[in-house]
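The lines below spell out each chain.
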Amino acid sequence: MIAKVIVDVAVKQTDRMFDYQIPVKWEGIVEPGMRVIVPFGPRKVQGFVMDVVQESSVKKLKPLVDVLDIAPVLTAELLKLGFWLKDETLCFAISAFQAMLPAAMKARYKKEITLAHQQTLDRLPEEVQKRFQYQERIPWEELEQTDSKLLRQFQQQIKAGALDVIYRVEEKGTKKTKRVIFPNVSNKELSSYIETLDNRALKQRQILSLFLESNQPIIVQDLLEMADTTRSTVKTLVNKGLLKEENVEIYRDPYENKTFAKTEPLSLTTKQETAISPILAAVEENRYETVLLHGVTGSGKTEIYLQSIQKVLNKGKEAIVLVPEISLTPQMVSRFKGRFGSQVAVLHSGLSKGEKYDEWRKIHRKQVKVVVGARSAIFAPFEKLGILIIDEEHESSYKQEENPRYHARDVAIYRGKYHNCPVVLGSATPTLESYARAQKNIYRLIELQSRINDQAMPEVNVIDMREELRSGNRSMFSNSLFEKLSDRLQKKQQSVLFLNRRGYSTFVICRDCGHVVECPHCDISLTYHKNNHQLKCHYCGYQEPMPRVCPSCESEYIRFFGTGTQKVEEELAKVLPEARVIRMDVDTTSRKGSHERLLSQFGEKKADILLGTQMIAKGLDFPDVTLVGVLASDAMLNLPDFRASERTFQLLTQVSGRAGRHELKGEVIIQSYNPEHYSIELASAHNYKDFYKREMHTRKQHGYPPYYFLTLINVSHPDLMKAVSVTEKITSYLKHKLKDHSIVLGPVASAIPRIKDRYRYQCMVKYRNEPNLTGYLREILQHFEKETSQGKLLLSIDRNPHMMM
DNA sequence: AGCACGCCGACT
DNA sequence: GTCGGCGTGCTC
């Protein structure tokens with residue numbers, strides 16, 4: 001039997017199947033979707049079995065050397081999906097498969113040197129002998145670090161056959177095990193043995209009767225505790241052959257110390273009833289359908305998800321729920337765990353590699369029926385999917401920004417069609433793409449226009465910051481915001497202050513000559529970090545101390561500019577010294593669990609003001625928050641991205657949704673330098689529909705999605721001229737090949753023209769119908785293959801880009 | 001990606 | 001004359 005294998009070498013030349021002989025002992029065991037270890041050239045690599053066949057056109061096949069899985073880790077569906085992803089995103093097959101599995105399952109490769117078989121040490125050079133004194137195997141990296149003379153000696157011995165090179169493949173993830181004890185004989189024998197026990201053997205008797213009662217394996221620690229005894233007693237019984245010890249694999253449960261209050265389905269409002277019925281119908285009829293659930297913040301979308309999932313579970317099927325990375329807060333997790341208990345696995349970036357691996361294996365072993373997770377959870381290896389839900393459908397985190405550059409929404413729809421089940425996209429601010437599809441009846445549109453209990457939407461005031469400036473207020477808080485903050489402080493209500501850092505970073509500028517300190521390797525200004533008084537580049541990590549005088553004109557008036565959360569915090573302390581502030585940003589939430597901890601502190605009312613970046617925009621639901629302030633609402637508007645308006649609208653709507661979700665009425669203050677901009681005006685009026693119409697109009701005018709498809713080709717090279725000329729070649733090739741009404745733009749420098757000493761150029765294609773474009777793009781990759789594989793030239797193609805930079 | 005093979009320049 | 005540079009091509 002022959003296995004067709006995709007090997008773990010992500011380059012063009014090996015992006016195909018290689019045939020291997022399946023040794024007789026594994027015939028019938030090796031199946032498509034399993035991981036194997038195969039010899040590849042002189043070394044060994046991991047691979048995925050794609051198919052098992054009878055014949056091969058290759059003459060001398062090597063046998064595969066190991067099988068890593070008992071059951072396939074990729075289902076037949078996922079194998080097919082992998083090739084679809086490869087076609088769709090122009091990535092290598094191996095990259096597609098690796099994206100579907102937890103990182104812990106990726107192979108690690110080790111090269112080591114050992115003494116050849118039957119070789120004695122004394123024949124080797126002294127230096128070499130020394131190295132083998134304390135270890136049988138010497139890691140290759142260790143040798144590479146030593147002097148070249150020794151390295152050469154080793155190489156000679158390898159050539160002479162006295163030393164062997166061995167290639168090992170290891171799994172990154174480790175399985176955690178625990179020792180359990182269980183009876184080695186029948187219950188009958190056990191009880192009869194108890195009779196014969198000496199009267200002094202109290203503990204032994206106790207232990208054995210515990211097993212008679214429970215009839216199942218007991219973890220050693222638990223057993224010791226239950227019988228209040230020590231290892232030696234247990235050992236005695238094991239030695240007598242009555243009990244047996246064994247290691248069993250256990251799962252790390254990231255939520256093991258938390259209890260989730262069991263929740264019962266809430267009774268739905270009439271509006272929710274109407275909204276859920278088409279979803280339930282699709283579940284019932286095993287019918288694929290994509291439903292766009294457009295519900296304002298606080299309209300009760302989650303309860304709709306929960307009850308739809310309940311229906312799916314009742315049918316014996318499984319569910320995947322995607323939530324944006326950032327909102328995988330305990331609040332969201334506990335709603336799912338509370339309703340479905342141990343049937344839920346959670347997959348998000350807050351977990352360690354090992355924890356993710358364990359959660360994934362729960363899915364693989366069908367021990368759970370519901371997965372709640374970030375983007376990659378869309379690949380959960382379920383085989384009886386009954387529903388796929390993407391909450392906050394518009395979130396940019398659903399698009400992967402590295403190969404394979406997929407969008408979770410597309411994968412969800414692929415899987416929904418495969419499993420004949422509904423896909424639900426939920427959002428208060430759907431992407432224009434999705435809403436347009438709903439308008440064209442490609443998706444079914446379900447709208448929830450009002451909040452639960454008809455709670456009013458918060459009142460939104462837009463403050464013109466130019467006016468403030470004119471009237472002499474140069475602080476970052478408008479008078480109105482300041483007054484409201486003090487008011488809440490007095491009433492002992494809470495406020496949330498939102499600072500959008502993207503676009504407004506704390507760059508350093510000289511007030512005399514206007515010189516801005518930039519990164520020497522990237523064309524971007526450095527950001528000031530207060531804690532260590534350093535200037536840092538966000539793209540390459542370069543750091544330098546904050547200069548005391550301007551590097552250009554030596555003026556002393558060099559200051560940092562812009563508003564970081566740290567700066568806001570300081571200002572707050574000046575104007576509202578009595579306010580207790582919790583600051584949430586990358587700096588304060590980098591440690592594991594700190595995100596969660598800060599939020600719960602705020603929830604316990606240990607602070608009056610929550611100040612933060614993007615990460616506090618979504619999903620938070622605190623009853624005493626009655627004021628939300630957005631400090632710089634238009635920071636994003638000026639980014640070089642055709643979605644800037646859409647992002648601003650989404651963000652403002654999301655942020656406003658944080659206020660007044662319960663009995664207390666909410667109020668929102670939006671500070672802006674562009675108050676008349678339609679994103680800001682319409683967001684403050686809670687008017688999605690008009691925003692949609694308005695924005696669709698601009699998209700049509702400028703030839704952007706949803707009217708046009710987009711493909712972005714990024715070229716980067718250390719040599720500026722080379723970067724330009726390659727982009728130029730690509731651009732003219734595409735112009736030549738594509739239809740006249742398709743638009744090929746370029747070569748243009750990227751928004752950040754240089755990162756890590758590489759010049760960056762791009763070519764953008766706008767088109768409506770180009771069935772052969774994928775082929776042309778493949779041609780381009782092929783044409784530059786040699787140059788890209790040498791590492792100097794970097795080409796990346798993004799079909800449906802979300803980041804234009 | 002690794003690794004071997006092979007062809008040119010500067011060294012014991 | 002050999003060592004070692006890295007361009008080229010292959011991996012079932």
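Residues numbered from 1 in each chain as written. Chains lettered and ligands numbered in written order. Predicted model: local features only at pLDDT ≥ 70, side-chain atom pairs only at ≥ 80, totals over all residues. Heavy atoms only, no water.

A. Fine view of the protein's contact with DNA strand C. Around DNA strand C, 14 residues are found, and the nearest of them are R16, D19, G41, K62 and R152. Of what DNA strand C places within 4 Å of the protein, 43% of the atoms are sugar or phosphate. One of the backbone nitrogen or oxygen atoms of G41 is found 3.0 Å away from a sugar or linking oxygen of DNA strand C. For the surface near DNA strand C, the secondary structure elements donating two or more residues are β2 (17–21) and β3 (35–40). (Near = heavy atom within 4 Å. Polar contact = N/O pair within 3.5 Å; in protein donor to acceptor, adjacent residues only side chain to side chain. Helix = DSSP H or I, 4+ residues; strand = E, 2+ residues; numbered from the N terminus.)

B. Representation of empty space enclosed by the protein within the structure. A full pass over the atoms with the stated rule returns 2 cavities of 30 Å³ or more. Around the largest cavity, the lining residues are H394, E395, S396, T431, R643, E646, R647, Q650 and H802. In terms of residue class, the lining of the largest cavity is built from no nonpolar, 5 polar and 4 charged. Both domains that furnish three or more residues to the lining of the largest cavity are identified here as domain 3 (270–454) and domain 4 (459–502 + 564–698). (1 Å grid on protein atoms, 1.4 Å probe; cavity = no way out; pocket = protein on both sides within 12 Å on 5 of 7 lines; lining within 4 Å. Points joined across faces, edges and corners; volume = space filled by probe spheres on them. Nonpolar A, V, L, I, M, F, W, Y, C, P; charged D, E, K, R; others polar. Domains from an automatic or database assignment.)

C. Summary view of the state of the cysteines. This structure, assessed with the given rule, holds 0 disulfides. With no disulfide partner, C537 has as its closest neighbouring cysteine sulfur the one in C540, 3.8 Å distant. Residue C537 is classed as buried on the basis of its relative accessible area of 2%. (Disulfide = S-S within 2.5 Å. Buried < 20%, exposed > 50% of the residue type's maximum accessible area, 1.4 Å probe, protein only.)

D. Geometry of the sheet that holds strand β18 (residues 444–448). Read across the sheet, 7 strands follow the order β14-β15-β13-β16-β17-β12-β18 without closing on themselves; strand pairing throughout is parallel. Two strands in the sheet have a free side with no partner beyond their single neighbour: β14 (344–347) and β18. Neighbour-to-neighbour, the strand axes of this sheet turn through a mean angle of 15°, independent of strand direction. As paired elements, strand β12 (residues 289–295) and β18 share 5 bridges and run parallel to each other. Counterpart to V291 in the pairing with β18 is R444. Contacting β12, β13 (318–322), β15 (370–373), β16 (385–390), β17 (422–427) and β18, helix α11 (residues 301–314) crosses the sheet at an angle of about 165° to β16. (Pairing = 2+ DSSP bridges. Axes fitted to C-alpha atoms, helices over the stretch in contact; angles between N-to-C directions. Contact = heavy atoms within 4.5 Å.)

E. Seen up close, the layout of surface pockets. The calculated volume of the second largest pocket comes to roughly 1100 Å³. Looking at the lining of the second largest pocket, the elements with two or more residues in it are α1 (76–89), α14 (408–419), α15 (432–439) and β30 (709–717). No other element matches α14, which puts 6 residues into the lining of the second largest pocket. In the lining of the second largest pocket, the residues fall into 18 nonpolar, 6 polar and 12 charged. Split by domain, the lining of the second largest pocket shows at least three residues from each of two domains, domain 3 (270–454) and domain 5 (709–799).

F. Just helix α21 (residues 644–656), in detail. Compared with an ideal rise of 1.5 Å per residue, which puts 13 residues at 18 Å, α21 spans 18 Å between its outermost C-alpha atoms and is within 8% of the ideal. Here α21 lies mainly inside the structure; 13 of its 13 residues are buried. (Expected span 1.5 Å × (residues − 1).)

G. Region of the structure containing helix α20 (residues 594–603). S594, H595, L598, L599 and F602 are the residues of α20 that are buried. End-on view of α20: buried residues confined to an arc of 135°, all on one side of the axis. Packing partners of the buried residues in α20 comprise β20 (494–498), β26 (581–584), α19 (586–589), β27 (609–612) and β28 (625–630). Looking at the residues trailing α20, positive phi occurs at K605, about 60°. (Arc of directions from axis to C-beta.)

H. The UniProt feature "binding site: Zn(2+) 2" (unreviewed entry) in chain A, seen in detail. The sites that UniProt annotates as "binding site: Zn(2+) 2" (unreviewed entry) are C519, C522, C537 and C540. Despite a sequence span of 22 residues, these residues sit close together in the fold, their greatest C-alpha distance being 8.7 Å. Along the chain, C522 turns up in the loop between β21 (508–510) and β22 (527–529). Setting aside residues no more than four positions away along its own chain, C522 makes contact with C537, Y539, C540, R754, I755 and K756. (UniProt positions renumbered as here; feature names shortened; annotations may be inferred.)

I. Just the domain arrangement of chain A, in detail. By the assigned domains, chain A splits into domain 1 (109–169), domain 2 (176–250), domain 3 (270–454), domain 4 (459–502 + 564–698) and domain 5 (709–799). For domain 2 and domain 4, the distance between their C-alpha centres works out to 61 Å.

J. Molecular detail of the packing of aromatic side chains. As enumerated under the stated definition, the model contains 16 aromatic pairs in all. Both rings, one in Y435 and one in Y688, keep their centres 4.9 Å apart while their planes meet at 70°; by these two values the pair is edge-to-face. Of this pair, Y435 sits in helix α15 while Y688 sits in helix α23 (residues 688–702); the two residues are 253 residues apart in sequence, bridging distant segments of the chain. The same class applies to Y435 as to Y688, namely buried. (Phe/Tyr/Trp six-rings, centres within 6.5 Å; stacked < 30°, edge-to-face > 60°.)

K. Region of the structure containing the nonpolar core. In this structure, L74, I378 and L610 are the most contacted members of the largest nonpolar core, which totals 86 residues. Inspection of this core shows a minimum of three residues originating in each of domain 3 (270–454) and domain 4 (459–502 + 564–698). Setting aside chain neighbours within four positions, we find I378 in contact with I320, L322, L388, Y406, A408, V411, A412 and R415. Judged by nonpolar contacts, the second largest core, of 30 residues, contains I279, I304, V372 and I446. (Core = buried A, V, L, I, M, F, W, Y, C linked by side-chain atoms within 4.5 Å.)

L. Up close: the packing of helix α24 (residues 720–737) against helix α25 (residues 773–783). Running from N to C, α24 and α25 cross one another at 150°; their axes reach a closest spacing of 11 Å. Judged by the inter-axis angle, α24 sits roughly antiparallel to α25. Note on packing geometry: the crossing formed by α24 with α25 is right-handed. Between α24 and α25, the residues in contact are I730, Y733, L734 and K737 and L773, Y776, E779 and I780, respectively. Its residues assigned to classes, the contact of α24 with α25 comprises 6 nonpolar, no polar and 2 charged. (Parallel < 35°, antiparallel > 145°, perpendicular 65-115°, else oblique. Left-handed = near helix turned anticlockwise from the far one by under 90°.)

M. Local environment of the packing of α1 against helix α2 (residues 93–100). Axis separation between α1 and α2 bottoms out at 8 Å; the angle between their running directions is 125°. It follows from the interaxial angle that α1 and α2 lie oblique. Seen from above, α1 lies across α2 with right-handed handedness. On the side of α1, the interface is formed by L78, L79, L81, G82, F83, L85 and K86, while α2 contributes A93, A96, F97 and M100. Per-class residue counts for the contact of α1 with α2 are 9 nonpolar, 1 polar and 1 charged.

N. Here's a closer look at the pairing of strand β1 (residues 2–7). Buried residues dominate β1, accounting for 5 of its 6 residues. Sheet analysis places β1 next to strand β4 (residues 43–53), joined by 6 bridges and oriented antiparallel. The residue of β4 that forms the bridge with V5 is V49. Looking at chain direction, β1 and β2 are connected through 5 bridges and run antiparallel. In the strand pairing of β2, V5 is matched with F18.

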